[in-house]
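Observations on the three-dimensional arrangement
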Amino acid sequence: MKLCLAPQAPDTLLPQQKTVTELQAQLQLPLCTEAFPSNGMQLGWQQNRLALFSDPKTAIDIDFCSGKLLHRLKFGGGKGQPLAKAVGFHKYEDFSIIDATAGLAGDSFVFASLMAKHAFSGSVTLIERHPVVASLIEDALIRGQQCALPEVQSIVGKMQLHCGAAAKLLPKLPAADVIYLDPMYPEKKKKAAVKKGMQALQQLVGPDQDSEILLQAALECALKRVVVKRPKGAPPLKGPQPSASVQSPNTRYDLYIKSAKITI
């Protein structure tokens, strides 16, 4: 899929946000010669937010200060929600997490918000393999540091981003108690109703082809457990059998617990 960079940024960017010149050097993208490329995508800005456009009306951006993520912060539940239980918020008094497949950072934001809420000293390390998606996260973190809501500033302060292949980065990073994996898998044809923007993002990023390798690396590096998010009804990733699982309506979290006594 063709991808280009909008040739001009708005005047309302924060000093820490990347300029067109800096993004072009970082991502090695050509500047767009037309408003929106046919059969392609444009990296540009929606107001002051870096965004990925598949057409003028369809944009993907990340915003920790408003919208779905802020709603999830206020109404997303506590330690008992399936995702929180899967990574161990109900069990561990304090711990660190690596989200090795960060994507659009929604789950990482939940982890960091729960840590902030319960005064954990641990942090959330995000690893995103696609540099364009990582640039969206980086831009959101910069804006989150300046958010008018102090709780969002506190949450973002617990999030650290790395761009690269997680299987190679994990052994080089400080060991984490929990490593979380949410591999992108090919969409089934009967699920063609996925929103247009997300369809374009899936085409750009593509499915993870090294999930088994990543699982093995995570198992070698995690101190307490590895959690793998899977579609409900899908088989576990190839490799060791999960120790246990946590179910939610449309998702299953497979747990690989590094302990002689298996508890979830």
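Shown above is the structure to which this text applies.
Structure report, in brief.

The rules behind these values
Residues numbered from 1 in each chain as written. Predicted model: local features only at pLDDT ≥ 70, side-chain atom pairs only at ≥ 80, totals over all residues. Heavy atoms only, no water. Helix = DSSP H or I, 4+ residues; strand = E, 2+ residues; numbered from the N terminus. Rg over C-alpha atoms; globule rule 2.2 N^0.38 Å. Buried < 20%, exposed > 50% of the residue type's maximum accessible area, 1.4 Å probe, protein only. Contact = heavy atoms within 4.5 Å. Areas by Shrake-Rupley, 256 points an atom, 1.4 Å probe, with all protein chains shown as cover. Disulfide = S-S within 2.5 Å. Pairing = 2+ DSSP bridges. Axes fitted to C-alpha atoms, helices over the stretch in contact; angles between N-to-C directions. Polar contact = N/O pair within 3.5 Å; in protein donor to acceptor, adjacent residues only side chain to side chain.

Turning our attention to the overall build of the protein chain. For the protein chain, the count of helices and strands is nine helices and eleven strands. The C-alpha radius of gyration of the protein chain comes to 19 Å, within 12% of the 18 Å expected for a compact globule of 264 residues. With the C-alpha coordinates aligned to their principal axes, the bounding extent of the protein chain is approximately 60 × 40 × 35 Å. Across the 264 residues that make up the protein chain, the buried fraction comes to 50%. In the protein chain, 69% of the contacts between residues at least 6 apart in sequence involve partners at least 24 apart. With the model as given, the accessible surface of the protein chain reaches about 13,000 Å², and the carbon-plus-sulfur share is 53%.

A few words on the state of the cysteines. Using the criterion set out here, one finds one disulfide in the structure. Each sulfur of the disulfide joining Cys4 and Cys32 lies 2.0 Å from the other. Here the disulfide of Cys4 and Cys32 is right-handed, its torsion about the S-S bond being about 95 degrees. Linking Cys4 in strand β1 (residues 2-5) with Cys32 in the loop between α1 (20-27) and β2 (40-46), this pair joins segments that are 28 residues apart in sequence. The class for Cys4 is buried, based on a relative accessible area of 8%. For Cys32, a relative accessible area of 10% translates into the label buried. No disulfide involves Cys163; its nearest neighbouring cysteine sulfur is the one of Cys221, lying 18 Å away.

Within the open sheet, the seven strands sit side by side as β7-β6-β5-β8-β9-β11-β10. Their pairing is mixed. The open sheet terminates on both sides in strands that have one partner only, identified here as β7 (159-163) and β10 (244-247). Recorded for the sheet is a direction-independent mean angle of 20 degrees between the axes of neighbouring strands. Sheet topology note: the strand β9 (residues 225-231)/strand β11 (residues 251-257) ladder contains seven bridges and is antiparallel. Counterpart to Pro231 in the pairing with β11 is Thr251. Against the sheet, helix α4 (residues 106-117) contacts β5 (97-99), β6 (124-128), β7, β8 (178-181) and β9, and its axis sits at roughly 170 degrees relative to β6. Sheet strands touched by helix α5 (residues 131-145): β6 and β7. Its angle to β7, the strand with the most contacts, is close to 155 degrees.

Let us now look at the environment of Ser248. Relative to the elements of secondary structure, Ser248 occurs in the loop between β10 and β11. For Ser248, a relative accessible area of 15% puts it in the buried group. Residues Ser248 and Pro82 lie 166 residues apart in sequence; the distance between their C-alpha atoms is 6.1 Å.

Tracing the backbone shows Asp254 in strand β11. Within polar-contact distance, the side chain of Asp254 engages the side chain of Arg252 at 2.6 Å. When near neighbours in sequence (up to four residues on either side) are disregarded, Asp254 contacts Val226, Val227, Val228, Arg230, Pro236, Pro242, Ala244 and Ser245.

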